[in-house]
Amino acid sequence: MFHRLHLPIFITAVVFLLLFTSASLLYEGFFSTRVVINLFYDNAFLGIAAMGMTFVILSGGIDLSVGSMIAFSSILVAKLVDSEMGWGLPTPIAMILTLLCGTAFGFVLGVLIQVFKIPPFLATLAGMFFLRGLAFTVSMEGITIDQPFYSFFTYSGIPIGSENVLPSIALIFLVTFAISFVILKGTRFGRNIYAIGGNEASALLMGLPVASTKMRLYAFNGFTGALAGLVASLYTGAGNASMAVGFELDVITAVVIGGTLLTGGVGSLWGTLLGVLILGTIQMVFVFDGRLNSAWLRITMGLLLLLFIVFQRGFSRK
Amino acid sequence: MSGLWSHFRQSRYFWAVIGLMTLVFFNALFSDNFFKLEIREGNLYGTLIDILHQGSIVMLLGIGMTLVIATKGIDLSVGSIMAMSGSLAAVLLTQYELPFFLAGIIGLLVACLAGLWNGCLITYLGVQPIIATLILMVIGRGLAMLIADGQVITFEDPAFVTFGNGSFCYLPLSVWMVMLAFIAVSFLMKRSSLGLFIEATGDNEAAARLAGLQVNWVKLFAYMLCGLLAGLAGLMAAGRIKAADPSQSGQMLELDAIIAVVVGGTALTGGRFTLLGTIIGALLIQTLTTTMYIQGVASAISPMPKALVILVVCLMQSKVLRDQVQALWLKQRSSV
């Protein structure tokens, strides 16, 4: 029942519970449905991007372009729907176009990595610079999105109990998690990702479709990146080419804290979800406690990462 | 002559040189006064000098990064180390009134220690280099902000400012420092067996260990040297703008340094390395940045052409593409 491989995620869960409990004891009003809902609401785009990142890291790769992808898709959708400066497209069509662009870009990265054997680190690094520049060619300044569909989306949600509402942004996060989970656990594609991350050469020798799996998973990662950008534009009500600089590191941190090994082959989406919630809780603590500044936030995040890595090393050496 | 050409053609930095020459050629045609140099107050001024001066920081980082990458590692923390050494030296200078000489040395020591920390995590705890240095990248930035109390620290100390902005014998001090670092490290690599040890470690760590090599010491050395050079770059960057900015100094420069190394022809897979290639790679990136600046490309958009250059050079170095092009060419010739 309790397998050795479940230990990292068990540790992650315990750390999350400890963190949340101690924060609840320290700060009045922390332990509430509202805070829990906000954890999902505030970290929706981190979480969505982390789903794709988990796929990529499970396959033994890495993606540095996700921050730029978020900025690019947020500004693209804003430009597409804007009737004065942009194209004035209907919102749903603009959203679908943005998602298609993201998926296509992810696929191109996959081709560079798989066909031309450019290391993922370099290909996605180039992708990061390219998308950041491209985002600024769409628009130098941020564009406020003033569409009825957008405000409807932002303010709608599912009521929980009598006074709380689960906002649609948080709902998108949960649905993305569920779909990614089904893809990873329930399909051949998902199994192949684990196999490739475990040992690419043996996956190839087993006759698994390594090339197509890799290109598809980078396309999927492009899709989640673009979706995260859309959610970010819903969250802020605007598109901005300068948002989410360095965000990829937060996403990678969330995935690693969640127990997914950067060498590939080991990890789970549950872990990533917990990793996102841990980062969210730490940030929430900093919101509740005005005395702490961003320097301490970074140091805490770094130390937490260190702690997890040391735990993981200790456990995987046995 | 043909022997020299084929030697150059086979060299690792061939494509970086071609890229650099293309850019210089472009500038010769389209940029006014690109090659113009003039002497004012005993110093050389001109766009070319500017490129060397601006590119010196990435060159310094690149030299250390080359060695780290050659051991099959990577160092994402150099930007944060820059911020730490710069901020620490500035705080010691302004608040504790130490002379620059002492403050600078303490900054460099801390940078060295940061490299040692990276090295220890990687060798003794067996953490992957990308994660180990990511940890320091996050923590180091926080520490720098803590040291400087979140403020940008300005100073007027003449020695510190000269360190970043001064000149010596017609050339900026920064260029001399890069030359010194390049010659010293090259000498160390070529004249001692260290270069060989580093290549052996990166090429096949298990084999190197079995051959009796102290692989851990080799890695520690590489990360410490990389930290030291990053510390030096941090002091230079602070002196240049007469201020230490803990949150912005060195931001994203780790990526520029990695690009310089890779474009210069050292593979991320470790093993063989070329310091000269890294210098050429850094020059290529800086020339590109300066060219876009001269041509009036908005600085926000400039990452895009940079990405394309990285991609083209990587593709040219990719064996798969070369083989395909070669096969295509042979087929065409045989059909004629």
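Above this text you will find the structure in question.
Only a predicted model underlies this, so the values are computations on that prediction, with no experimental measurement involved. (Residues numbered from 1 in each chain as written. Chains lettered and ligands numbered in written order. Predicted model: local features only at pLDDT ≥ 70, side-chain atom pairs only at ≥ 80, totals over all residues. Heavy atoms only, no water.)

All names here are of chain A. According to the stated counting rule, one finds five salt bridges over all chains in the structure shown. Put simply, Glu200 and Lys214 hold a salt bridge, and the shortest N to O gap is 3.2 Å. Here Glu200, found in helix 10 (residues 200-205), pairs with Lys214, found in helix 11 (residues 210-236); they are 14 residues apart in sequence, far enough to count as distant. Lys214 gets classed as buried once you look at its relative accessible area, which sits at 11%. (Salt bridge = Lys/Arg side-chain N within 4 Å of Asp/Glu carboxyl O. Helix = DSSP H or I, 4+ residues; strand = E, 2+ residues; numbered from the N terminus. Buried < 20%, exposed > 50% of the residue type's maximum accessible area, 1.4 Å probe, protein only.)

A cluster of nonpolar side chains, namely A:Ile93, A:Ile96, A:Leu97 and A:Leu100, defines an oily patch on the protein surface of about 360 Å² accessible area. Tracing the backbone shows A:Ile93 in helix 5 (residues 91-114). (Patch = residues over 30% accessible without salt bridge, like charges linked within 9 Å, V, L, I, M, F, W, Y side chains within 5 Å. Areas by Shrake-Rupley, 256 points an atom, 1.4 Å probe, with all protein chains shown as cover.)

Residue and element names in this part refer to chain B. Contact geometry for helix 2 (residues 14-30) and helix 13 (residues 275-294): axes closest at 9 Å, N-to-C directions at 25°. Comparing the axis directions of helix 2 and helix 13 gives the class roughly parallel. Of the two elements, helix 2 crosses helix 13, and the hand of that crossing is left-handed. In contact with Ala16, Val17, Gly19, Leu20, Leu23, Phe26 and Asn27 of helix 2, helix 13 contributes Ile280, Leu283, Leu284, Thr287, Leu288 and Thr291. (Axes fitted to C-alpha atoms, helices over the stretch in contact; angles between N-to-C directions. Parallel < 35°, antiparallel > 145°, perpendicular 65-115°, else oblique. Left-handed = near helix turned anticlockwise from the far one by under 90°. Contact = heavy atoms within 4.5 Å.)

All names here are of chain A. Position of Gly258 among the secondary structure elements: in the loop between helix 12 (247-257) and helix 13 (269-288). Judged by relative accessible area, Gly258 falls into the buried class, the value being 3%. Here the alpha-carbon distance between Gly258 and Phe308, two residues 50 residues apart in the chain, equals 8.8 Å. Once residues lying within four places of it in the same chain are set aside, the contact partners of Gly258 are Thr12, Gly271, Thr272 and Gly275.

The next point concerns the interface of chain A and chain B. Across the contact, 41 residues belong to chain A and 44 residues belong to chain B. Here chain A packs against chain B, burying approximately 3600 Å² in sum over the two surfaces, 86% of which is carbon and sulfur. Across the contact surface, chain A and chain B share zero salt bridges. Linking chain A with chain B are zero residue pairs in polar contact (both at pLDDT 80 or more), by the criterion used here. Counting residues per element, the side of chain A that touches chain B draws most heavily on helix 14 (residues 294-317) of chain A, which supplies 14 residues. Its residues assigned to classes, the side of chain A that touches chain B shows 30 nonpolar, six polar and five charged. (Buried area = accessible area lost by both parts, 1.4 Å probe. Polar contact = N/O pair within 3.5 Å; in protein donor to acceptor, adjacent residues only side chain to side chain. Nonpolar A, V, L, I, M, F, W, Y, C, P; charged D, E, K, R; others polar.)

It is worth spelling out the pairing of strand 2 (residues 157-160) of chain A at this point. Residue and element names in this part refer to chain A. Across four bridges, the pairing between strand 2 and strand 3 (residues 164-167) is antiparallel. Within strand 3, the position partnered with Ile160 by the bridge is Asn164. Here strand 2 folds back onto strand 3, and the loop between the two strands holds three residues, one of which, Gly161, carries a positive phi near 65°. (Pairing = 2+ DSSP bridges.)

Residue and element names in this part refer to chain A. Position of Ser65 relative to the elements: it lies in the loop between helix 3 (44-58) and helix 4 (66-81). Judged by relative accessible area, which is 2%, Ser65 ranks as buried. What Ser65 contacts, discounting residues up to four positions off in sequence, is Leu109, Thr124, Gly127, Met128, Leu131 and Glu248.

Time to look at the packing of aromatic side chains. Residues and elements named next belong to chain A. Applying the stated criterion across every chain yields a total of 23 aromatic pairs over all chains. The interplanar angle of 25° and the centroid separation of 4.4 Å between the aromatic rings of Phe55 and Phe220 together place this pair among those described as stacked. Residue Phe55 is located in helix 3, and its partner Phe220 is located in helix 11; the two are separated by 165 residues in the primary sequence. Through a chain of ring-to-ring contacts, the aromatic side chains of Phe16, Phe20, Tyr27, Phe30, Phe31 and Phe288 assemble into a single cluster. (Phe/Tyr/Trp six-rings, centres within 6.5 Å; stacked < 30°, edge-to-face > 60°.)

To continue, consider the environment of B:Asp50. With respect to the element layout, B:Asp50 can be found in helix 3 (residues 47-70). For B:Asp50 and B:Glu38, which are 12 residues apart along the polypeptide, the C-alpha to C-alpha distance reads 12 Å.

Glancing now at the nonpolar core. A:Ile70, A:Phe121, A:Leu125, B:Leu61, B:Leu67, B:Ile131 and B:Ile258 are the most contacted members of the largest nonpolar core, which has 217 residues in total. No other element matches the 14 residues that helix 11 (residues 215-241) of chain B contributes to this core. Those residues in contact with B:Ile131, other than ones at most four positions away along the chain, are A:Val256, A:Leu262 and A:Ile309. (Core = buried A, V, L, I, M, F, W, Y, C linked by side-chain atoms within 4.5 Å.)

Packing of helix 6 (residues 120-138) of chain A against helix 14 (residues 303-317) of chain B leaves a shortest axis separation of 7 Å and a crossing angle of 150°. When the interaxial angle is binned, helix 6 of chain A and helix 14 of chain B end up roughly antiparallel. For the element pair helix 6 of chain A and helix 14 of chain B, the recorded crossing hand is left-handed. Two secondary-structure elements touch here, helix 6 of chain A through A:Leu122, A:Ala126, A:Phe129, A:Phe130, A:Gly133, A:Leu134 and A:Thr137 and helix 14 of chain B through B:Pro303, B:Met304, B:Lys306, B:Ala307, B:Leu308, B:Ile310, B:Leu311 and B:Cys314.

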